[in-house]
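Commentary on secondary and tertiary structure
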Amino acid sequence: QVQLVESGGGLVQPGGSLNLPCVAFGSFFSITTMRWFRQAPGKQRELVASITSDSSNDYAASVKGRFAISRDNTKNTLYLQMNSLESEDTGVYYCYANARVKPLVFKDVWGQGTQVTVSS
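Notes on the structure follow. (Residues numbered from 1 in each chain as written. Predicted model: local features only at pLDDT ≥ 70, side-chain atom pairs only at ≥ 80, totals over all residues. Heavy atoms only, no water.)

Within the largest apolar cluster, 30 residues are counted, with the highest numbers of intra-cluster contacts made by Trp36, Leu80, Met82 and Tyr93. Of all the secondary-structure elements, those providing two or more residues to this core are strand S1 (2-6), strand S3 (18-26), strand S4 (30-39), strand S5 (46-51), strand S7 (67-72), strand S8 (77-82), strand S9 (91-102) and strand S11 (114-118). Look past the residues within four positions of tyrosine 93 in its chain and what remains in contact with it is Glu6, Leu20, Trp36, Phe37, Arg38, Val48, Phe67, Leu80, Met82, Gly113, Thr114 and Val116. (Core = buried A, V, L, I, M, F, W, Y, C linked by side-chain atoms within 4.5 Å. Buried < 20%, exposed > 50% of the residue type's maximum accessible area, 1.4 Å probe, protein only. Helix = DSSP H or I, 4+ residues; strand = E, 2+ residues; numbered from the N terminus. Contact = heavy atoms within 4.5 Å.)

The next thing to look at is the sheet that holds S3. In spatial order, the strands read S1-S3-S8-S7; together these 4 strands make up an open sheet with antiparallel pairing. Looking at which strands have only one partner, the edges of the open sheet turn out to be S1 and S7. Sheet twist, expressed as the mean angle between neighbouring strand axes with direction ignored, is 15 degrees. Judged from the 5 bridges that link them, S1 and S3 form a sheet pairing that is antiparallel. Counterpart to leucine 4 in the pairing with S3 is alanine 24. (Pairing = 2+ DSSP bridges. Axes fitted to C-alpha atoms, helices over the stretch in contact; angles between N-to-C directions.)

Moving on, we come to the packing of aromatic side chains. Aromatic rings considered in pairs are described by the distance between their centres and by the relative angle of their planes. Summed over the entire model, instances satisfying the criterion amount to 3 aromatic pairs. One aromatic cluster is present, built from ring pairs that chain together Phe37, Tyr96 and Trp110. Above the plane of the ring of tryptophan 110 lies arginine 45, whose end atom (NZ or CZ) is 4.9 Å from the centre. Sitting above the plane of the phenylalanine 29 ring, arginine 100 keeps its charged end 5.9 Å from the centroid. (Phe/Tyr/Trp six-rings, centres within 6.5 Å; stacked < 30°, edge-to-face > 60°. Lys NZ or Arg CZ within 6 Å of the ring centre and 35° of its normal.)

Here's what the structure looks like:
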């Protein structure tokens, strides 16, 4: 079993910053791609940022230049540094990982989500 646990969410004023860590627990050989998604009230879940096992990354246009995704493979931890936050960034942020659970078996794993609210 592989589990992802996010933390770091909360209430922040516009222009503020938050850092979201996501830790992978359980039994697995390795983790390939990791991603952050978010879901705003009444909207579909959207991809925010992706990072590969060798730390190549990509961002949604709406967050490029403000958010930074990174990972520490020694700690099985994914991070999302969010700066210059806007009210439109409000939502539940979800961590995703593609985990190699057996030599030839990969599994999609999701965290439970952490709420980020940007408001004055």
